[in-house]
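Residue-level structure breakdown
What follows is the residue order along each chain.
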Amino acid sequence: MNCSEMKEIALHILDIAENSTAAGADKVSVSVREDEPSGMLHIRIGDNGKGMSQEELNKVSDPFYTSRTTRRVGMGIPLIRQHAEMSGGELKIESEKGLGARVEASFCLSHPDRQPLGDLEGCWLLLVTANPGIEWDLSCSSGKGVFSISTSEIRQSLEVETIGGTELTSLLKRMIRNNMEALGLE
């Protein structure tokens, strides 16, 4: 993903979740929580992938470090850190070798430099359809309520093996968007 394309929070989520798949995760959870009392938007991406050693964790915010062999720089984590801090928030990363990783970013809701949330439903569905062997969970909450969806629930309810096809993904996208709008998440 080109660095200039990171214009919304959903694209940061997509980038980090792609890292989870590259780390061998078979379960990835994405959480978006609007906390009006604190005035913050909290994003959490967690996985059960291979995790990182303390040495890797110390380097992960360096744009000139990447574990990928296809390129020499890794801008995803440095960019989300920069965008979170520019909006009065922060980024935290927890990981242990063999136990996965958790990336948590917070953004001040009212800060003029906070990026819009963007097309979270489209990014989540792209991850789901591109990685059918992974269990994906999405949870969104605000003072107005909670909405969650998971690939295992969808497969069980619809009695399908994989989630795909234009009609189903369009339906799921509308359902997620409608629930996010009801929660006031944008």
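Everything below is about the structure printed above this text.
Note that residues are indexed from 1 along each chain, following the sequence as it is written. Confidence filtering applies because this is a predicted model: local features only for residues at pLDDT of at least 70, side-chain atom pairs given and counted only at 80 or more, and all residues used for totals across whole chains, interfaces and linings. The basis for every side-chain value is the complete set of heavy atoms in the structure, and neither hydrogens nor water enter the calculation.

**Structural notes on the packing of helix 1 (residues 9-22) against helix 4 (residues 120-130)**
For helices, the axis comes from a line fit to the C-alpha atoms of the stretch in contact; other axes are also lines fit to C-alpha atoms, and the angle between any two N-to-C directions lies between 0 and 180 degrees. Here a strand is any run of E in DSSP of at least two residues, a helix any run of H or I of at least four, and the numbering for each starts at the N terminus. The interhelical angle for the contact between helix 1 and helix 4, taken along N-to-C directions, is 20°, at an axis separation of 9 Å. If you check the angle between helix 1 and helix 4, you find them roughly parallel. As helix 1 runs across helix 4, the sense of the crossing is right-handed. Across from Ala 10, Leu 11, Ile 13, Leu 14, Ala 17 and Glu 18 in helix 1, the residues of helix 4 making contact are Leu 120, Cys 123, Leu 126 and Leu 127. Note on residue classes: Ala, Val, Leu, Ile, Met, Phe, Trp, Tyr, Cys and Pro are nonpolar, Asp, Glu, Lys and Arg are charged, and everything else, Gly too, is polar. Residue composition of the contact of helix 1 with helix 4, grouped by class: nine nonpolar, no polar and one charged. For this classification, under 35 degrees means roughly parallel, over 145 means roughly antiparallel, 65 to 115 means roughly perpendicular, and everything else is oblique. Two helices crossing with the near one rotated counterclockwise from the far one by less than a right angle form a left-handed crossing, whereas a clockwise rotation gives a right-handed crossing. In this analysis, two residues are considered to be in contact whenever any of their non-hydrogen atoms come within 4.5 Å of each other.

**Some thoughts on the sheet that holds strand 1 (residues 27-35)**
We call two strands paired when DSSP finds no fewer than two bridges between them. Taken in spatial order, the six strands line up as 3-4-2-1-5-6 in an open sheet, and their pairing is mixed. Edge positions in the open sheet fall to strand 3 (90-95) and strand 6 (145-150), since each of these has one partner strand only. On average, each strand axis in the sheet is tilted by 10° relative to the strand beside it, whichever way the strands run. The strands touched by helix 3 (residues 76-86) are strand 3 and strand 4 (101-108); relative to strand 3, the strand with the most contacts, the crossing angle is about 140°. Contacting strand 1, strand 5 (135-142) and strand 6, helix 4 crosses the sheet at an angle of about 165° to strand 5.

**Concerning unusual backbone geometry**
Within the chain, Glu 159 stands out as a residue other than glycine whose phi angle is a positive 55°. Inspection of the secondary structure assignment puts Glu 159 in the loop between helix 5 (151-158) and helix 6 (166-182). Categorising residues by exposure relies on relative accessible area from a 1.4 Å probe, with only protein chains included: less than 20% of the type maximum marks a residue as buried, more than 50% marks it as exposed, and the intermediate range marks it as partly exposed. Assessed through its relative accessible area of 73%, Glu 159 is described here as exposed.

**Remarks on helix 1**
Here the expected span of a helix is defined as 1.5 Å times the quantity of residues minus one. Taking 1.5 Å of rise per residue, the 14 residues of helix 1 would be expected to cover 20 Å, and the 20 Å separating its terminal C-alpha atoms lies within 8% of that figure. Taken across its 14 residues, helix 1 has ten buried, putting it largely inside the fold. Of the positions making up helix 1, those classed as buried are Ile 9, Ala 10, Leu 11, His 12, Ile 13, Leu 14, Asp 15, Ile 16, Ala 17 and Ser 20. Where helix 1 is buried, its residues touch strand 1, strand 2 (40-47), helix 3, strand 4, helix 4 and strand 5. Looking one or two places after helix 1, you find Gly 24, whose phi comes out positive at around 80°.

**Examining the pairing of strand 1**
Of the two faces of strand 1, only one is covered, namely that formed by Val 28, Val 30, Val 32 and Glu 34; the face formed by Lys 27, Ser 29, Ser 31, Arg 33 and Asp 35 stays uncovered. Where strand 1 lies against strand 5, seven bridges are found, and the strand directions are parallel. Along strand 5, the bridge assignment pairs Arg 33 with Ser 141. Across eight bridges, the pairing between strand 1 and strand 2 is antiparallel. Along strand 2, the bridge assignment pairs Val 32 with Ile 43. Two successive antiparallel strands, strand 1 and strand 2, enclose a turn made up of four residues, where Gly 39 displays a positive phi of approximately 75°.

**A look at the pairing of strand 6**
Alignment of strand 5 against strand 6, held across six bridges, turns out to be antiparallel. From the neighbouring strand, Ser 142 faces strand 6, where its bridge partner is Gly 145. Taken together, strand 5 and the strand that follows it, strand 6, pair antiparallel across an intervening segment of two residues.

**A closer look at the packing of helix 1 against helix 3**
Think of two packed helices as two axes; the pair is described by the angle between the axes and how far apart they sit. Interaxial distance between helix 1 and helix 3 falls to 10 Å at its minimum, and their mutual angle equals 150°. Note that helix 1 runs across helix 3; the crossing there is left-handed. When helix 1 is examined against helix 3, the residues His 12, Asp 15 and Ile 16 are found in contact with a partner set consisting of Gly 76, Ile 77, Leu 79, Ile 80 and His 83. Counted by class, the contact of helix 1 with helix 3 contains four nonpolar, three polar and one charged residues.

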